[in-house]
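A look at the structure
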Amino acid sequence: MEFGVWSKGLATLAVDCLVLGVFEEAELGGEGRSVDSACGGQLKRLLGRGDFTGRPGDTLLLGDLPGIRATHVLLTGLGTKKQFQRKSWRKAWTAAAGALARTRVSSCAVALDRPEAKQLDDYYLGRAVAEVTGGALYRINDLKTGKKPPPPALAKVLAGPVRKASAAERGLAQGAAVAAAMSVQRDLANLPGNLCTPTFLAEQARALGKTHTGLRVRVLDEAAIRREKMGCLLAVAQGSHQPPRFIVLEYHGAKKPQPPIVLVGKGVTFDSGGISLKDPPGMDEMKFDMSGAAAVIATLTFAASLRLPLQLVGLVAAVENMPGSKAVKPGDIATSASGQTVEILNTDAEGRLILSDALHYARRFQPAVVIDIATLTGACVVALGHHHSGVMGNDDPLVQELQEAGVRADDRCWPLPLSEEYAEQLKSNFADFANVGGRDGGAITAAAFLAKFTQGLKWAHLDIAGTAYQSGASKGSTGRPTPLLADFLLRRVAR
């Protein structure tokens, strides 16, 4: 994919298609008016007849308009002028990019009106154009045996109009890297559990490490995990024939030694719930329970592809949670790598168990900050739906930093309280604490459990259970929260 910018002369651009915005008031945007003038007012006459309403998500492809060099014009709805903002712009370009991906158009110029610069400046225009384009062109890695449709023809996208071409070009380059990383995450998460096992995930991490400069990958097998005394991770894995893996990715991009940012990913490649078996409807979606791990791997490849001057570590605890004859049982007690004992009251609360050992492992790197990413709780979906990831932690500035990154990246998270009262729900008569604390505040008590392994660390937790994948007709990985994490790293570079 080739990206570039344009600043003037829209009607004379040598591209297949011009993408123009239309408000619901049947009003062309500023750039649209210049094209309409060049083609003798045909667009205005079309809108006057009511052929296109400008509603958000609507598109209309026109061909062979006189007076312009492009062979096509694609109209996309901007919604009402009064409510037009960054979200409206992104929805309009998402609809347009999706429509173009279904045609044989090979090049286009994006000429949508923009909200005020503080919402969408030249840099974030470039970022958004490239990221949305990557998402529109992504094709799910299905295993269907029938003839596949031809790949999208779109190969060149020009963003504009821009005032600072250098800022937009930087945004396009970084947005393209974000889109590529999101594809890594989506490809891994979309694979079925019988293919994407812990061993396979480790092999994929190794393969990506070989293709990216500065990225080193080590894999701990079951014997090495046992030597690390990761009793909680092993407890989850013991019911499956698939052996666990612990993946360590290190990216050394900083010129001077510095404490690393450590990202920790939940890698349950399939989660049946174990003995606490899940309800059958929707259980197939539990192949997505390794989305946190996929996001960590994707984010490390993003940093390596741009050669960011940072020190990063990615830790992935990869297991399969199954109800085999050797599976951990409700009431069993496991000893974590930190030495703390855990009464396992619910075997379906397994993500926090494997993360506890991974978070303890992170200490050896003397990290600047630690962020774990996990499809951890259905309770977070109940609380926030599918729009925001949940964010909690023991360091308010870090939580705020992630929240602000999510706003900039259009990949939002929302903070939930993590006060000491929630840890009271985890009391156990038989171990240091239990792995669940009841239904009330379930997303928060899960984070309170993780907090017991992060004392002395600057730590934040992203619960992506509601945002990492979609159900229904659009079932598949979303690639979130890779854009949020990418923006977090980019802002750290700029500090």
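Right, let's walk through the structure included here. (Residues numbered from 1 in each chain as written. Predicted model: local features only at pLDDT ≥ 70, side-chain atom pairs only at ≥ 80, totals over all residues. Heavy atoms only, no water.)

Regarding its fold elements, the protein chain presents 14 helices and 20 strands. Seen through its C-alpha atoms, the protein chain measures out along the principal axes to roughly 80 × 50 × 45 Å. Considering the protein chain as a whole, with its 495 residues, one finds that 57% of them fall into the buried category. Within the protein chain, residue pairs in contact and separated by at least 24 positions form 78% of the contacts whose partners lie at least 6 positions apart. When the accessible surface of the protein chain is summed, it comes to about 20700 Å², and 51% of that surface belongs to carbon and sulfur atoms. Looking at charge distribution, the protein chain has the averaged site of its 57 positive side-chain charges lying 6 Å from that of its 48 negative ones. (Helix = DSSP H or I, 4+ residues; strand = E, 2+ residues; numbered from the N terminus. Buried < 20%, exposed > 50% of the residue type's maximum accessible area, 1.4 Å probe, protein only. Contact = heavy atoms within 4.5 Å. Areas by Shrake-Rupley, 256 points an atom, 1.4 Å probe, with all protein chains shown as cover. Lys, Arg positive; Asp, Glu negative; His and termini not counted. Charge placed at Lys NZ, Arg CZ, Asp CG, Glu CD.)

Pairing within the open sheet is mixed, and its eight strands lie in the order 8-9-11-10-14-18-15-16. For this open sheet the edge positions go to strand 8 (215-220) and strand 16 (413-415), each flanked by a neighbour on one side alone. Going across the sheet, the axis of each strand differs from the next one's by a mean of 20°, ignoring polarity. Strand direction decides the pairing type here: strand 9 (residues 245-252) and strand 11 (residues 311-321), joined by eight bridges, are antiparallel. What sits directly across from Phe246, in strand 11, is Ala317. Against the sheet, helix 13 (residues 442-451) engages strand 14 (369-374), strand 15 (389-393) and strand 18 (459-463), with an angle of about 145° to strand 18. (Pairing = 2+ DSSP bridges. Axes fitted to C-alpha atoms, helices over the stretch in contact; angles between N-to-C directions.)

The next thing to look at is unusual backbone geometry. The linkage connecting Gly160 with the following residue, Pro161, adopts the cis geometry, with an omega of -10°. Take Pro161: it is sitting in the loop between strand 7 (156-159) and helix 5 (165-190). Along the chain, Arg480 connects to Pro481 via a cis peptide bond; the corresponding omega equals 10°. By the element assignment, Pro481 lies in the loop between strand 20 (476-477) and helix 14 (482-494). One non-glycine residue, Gln366, adopts positive backbone phi at about 45°. Following the sequence through the fold, Gln366 ends up in the loop between helix 10 (351-362) and strand 14. Judged by relative accessible area, Gln366 falls into the exposed class, the value being 65%. One non-glycine residue, Asp410, lies in the positive phi region at around 55°. Position of Asp410 among the secondary structure elements: in the loop between helix 12 (396-409) and strand 16.

Quick look at the sheet that holds strand 17 (residues 433-434) now. One open sheet holds the three strands; their spatial order is 12-13-17, and the pairing between them is mixed. Bordering the open sheet on either side are strand 12 (332-335) and strand 17, each of which pairs with just one other strand. Two elements, strand 12 and strand 13 (residues 341-344), share four bridges in a ladder whose sense is antiparallel. Along strand 13, the bridge assignment pairs Thr335 with Thr341.

Further remarks concern the environment of Cys413. By secondary structure assignment, the location of Cys413 is in strand 16. Along the chain, Cys413 and Val370 lie 43 residues apart, while their C-alpha atoms are 17 Å from each other. Residue contacts for Cys413: discarding those within four places in its chain leaves His388, Ser389, Val391, Leu402, Gln403, Leu462 and Leu484.

Considering the arrangement of structural elements, one finds Ala167 in helix 5. Linking Ala167 and Gly126, residues 41 residues apart in sequence, is a C-alpha distance of 7.9 Å. Residues contacting Ala167, with those up to four places away along its chain left out, are Asp122 and Tyr123.

With that settled, consider the side chain of Thr375. Tracing the backbone through its elements, the reader meets Thr375 in the loop between strand 14 and helix 11 (378-384). Judged by its relative accessible area of 7%, Thr375 is buried. Within the structure, Thr375 has its side chain in polar contact with the side chain of Asp289 (distance 2.5 Å). Setting aside residues no more than four positions away along its own chain, Thr375 makes contact with Lys266, Phe288, Asp289, Ser291, Asp463, Ile464, Ala465 and Ala468. (Polar contact = N/O pair within 3.5 Å; in protein donor to acceptor, adjacent residues only side chain to side chain.)

So, to be careful, I would describe these as geometric facts and stop short of saying anything about function.
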